[in-house]
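Coordinate inspection notes
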Amino acid sequence: MNLKILKVFNNNVALVLNDSNHEEIIMGKGVGFGKRENDMIQDSNVEKRFVLEDKTSLKAFQELLGRIDIEDIELASDIIQQGEQELDYTCSNSILLTLSDHISFMLKRAKEKTLFTTPLEWDIKMIYPKEFRYAQKAVESIRKQTGYDIPDQEAAFIALHFINAHYVGNDMQETLLSSKIIQHVIDIAKYHYGREFDETSFNFSRFITHIRYFIMRQIHNEASENDSSIINVIALKYPNDYKCAKKIKEFLEKTYQWNIGDDELLYLSLHLNRLSQ
């Protein structure tokens, strides 16, 4: 693919126009070296690319460049590229803007020895363990590259950016709401069964994944409200799990005014049954 140079930010970062007439931020060793506006380059040396889908994205990137160092953007790009490889999924392009901004502010706080914490740190670690583990590696990498004493608590913030860019369509408030609801659901289940769960188990991970996507369907009004002909069978076969599912259903309907159909209640009961084994 041929790329037309629109602006060179430094030797490793440039704004280009692709064959589809979309603007992209490209990064790679030497991609901007010796290049000028309107020069054509091949994409073989491009290590990471972020498509700017509209003028708003381009304006946001230009504003970002006005307040942070380009090196912070390169650092964010490296973290994103490695994260996508380790997590085995592709993030939305918006993560470059949000993570770069966060890293710049994080480094400023590190210089001033100002510590931020998030009350959701434990929730993130439990609900999104893969993202949290990778974020811990990213924190250690940033320490080595910058020489700053980055606090461990930053892992939760970095993990949130990956979660937001993959699971919930770029809405950070949605990410926070989802995490809060998942924790409420887990608390109800723990109280109902009267015990803790093995958070490292496959059944726990599968339960969290089910709840996560159930919440997304509810938030985006995509949930099924169909009645299920076998819900009564499940209620008889797994009465305790069905009772717990009903408690969760009643809490969510009362708190968030959701309409939860029998289909959702059925699958929730089955996942609870596996979780409670």
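A brief structural summary. Just so it is clear, the model here is predicted, and its values are computed rather than measured. (Residues numbered from 1 in each chain as written. Predicted model: local features only at pLDDT ≥ 70, side-chain atom pairs only at ≥ 80, totals over all residues. Heavy atoms only, no water.)

**Section: the overall build of the chain**
To be explicit about the condition: The helix count covers DSSP runs of H or I at least four residues long, the strand count covers runs of E at least two residues long, and both are numbered beginning at the N terminus. Working definition: with a 1.4 Å probe on protein chains only, accessible area under 20% of the residue-type maximum means buried, over 50% means exposed, and in between means partly exposed. The contact definition used throughout considers only heavy atoms, calling two residues in contact when any of these lie within 4.5 Å. Computed by Shrake-Rupley with a 1.4 Å probe, the accessible areas treat only the displayed protein chains as cover when residues are assessed.
Each helix and strand in the chain was counted, giving 11 helices and 5 strands. Along the first, second and third principal axes, the C-alpha atoms of the chain reach 75 × 45 × 30 Å. Per-residue burial for the chain yields a buried fraction of 48% across its 277 residues. In the chain, once contacts between residues fewer than 6 apart in sequence are set aside, the share between residues at least 24 apart is 66%. If you sum the accessible surface of the chain, you get close to 14500 Å²; carbon and sulfur atoms cover 47% of it.

**Describing helix H8 (residues 202–219)**
The line we're drawing: For a helix, the expected span equals 1.5 Å multiplied by the number of residues minus one.
Here H8 spans 26 Å end to end across 18 residues, near enough to the 26 Å set by a 1.5 Å rise per residue. If you check which residues of H8 are buried, you get Phe204, Phe207, Ile208, His210, Ile211, Arg212, Phe214, Ile215, Met216 and Gln218. One or two steps after H8, the chain reaches Asn221, where phi turns positive at roughly 55°.

**Notes on the nonpolar core**
Filter applied, for reference: To form a nonpolar core, buried Ala, Val, Leu, Ile, Met, Phe, Trp, Tyr and Cys residues must be joined to one another through side-chain atoms within 4.5 Å.
Counting residues in each nonpolar core, the largest one holds 75 residues, and the members touching the most others are Ile25, Ile79, Phe162 and Leu272. With near-sequence residues (within four places) excluded, Ile25 lies in contact with Phe9, Val13, Ala14, Leu15, Lys48, Arg49, Phe50, Leu52, Phe61 and Leu96.

**Details of helix H11 (residues 262–275)**
When the terminal C-alpha atoms of H11 are compared, their 20 Å separation across 14 residues agrees well with the 20 Å that a helix rising 1.5 Å per residue should span. Those residues of H11 not exposed but buried are Glu264, Leu265, Leu266, Leu268, Ser269, His271, Leu272, Asn273 and Leu275.

**Details of the sheet that holds strand S5 (residues 48–52)**
For clarity, the threshold we go by: DSSP calls a pair of strands paired once it identifies at least 2 bridges connecting them. Note on geometry: axes are lines fitted to C-alpha atoms, helical ones only across the stretch in contact, with angles between N-to-C directions running from 0 to 180 degrees.
As summarised here, the arrangement of the 5 strands in space is S4-S1-S2-S3-S5, forming an open sheet in which the pairing is antiparallel. Only two strands of the sheet have a single neighbouring strand rather than two, namely strand S4 (40–42) and S5. Adjacent strand axes in the sheet meet at a mean angle of 40° when their direction is disregarded. Along the sheet face, helix H2 (residues 70–87) touches strand S1 (2–10), strand S2 (13–17), strand S3 (23–27) and S5 and points at about 105° away from the line of S5.

**What about the environment of Ser100?**
Heads up, the condition is: What qualifies as a polar contact is a pair of N or O atoms within 3.5 Å, subject to a donor-acceptor requirement within protein and to the restriction that residues adjacent in sequence count only when both atoms come from side chains.
For Ser100, the location among the structural elements is in helix H3 (residues 95–112). Residues Ser100 and Gln173, 73 residues apart in the sequence, show an inter-C-alpha distance of 19 Å. With residues up to four places along the chain from it excluded, the contact list for Ser100 reads Leu64, Ile68, Asp72, Ile73, Ala76 and Ile95. A distance of 2.5 Å separates a polar atom in the side chain of Ser100 from the backbone oxygen of Leu96.

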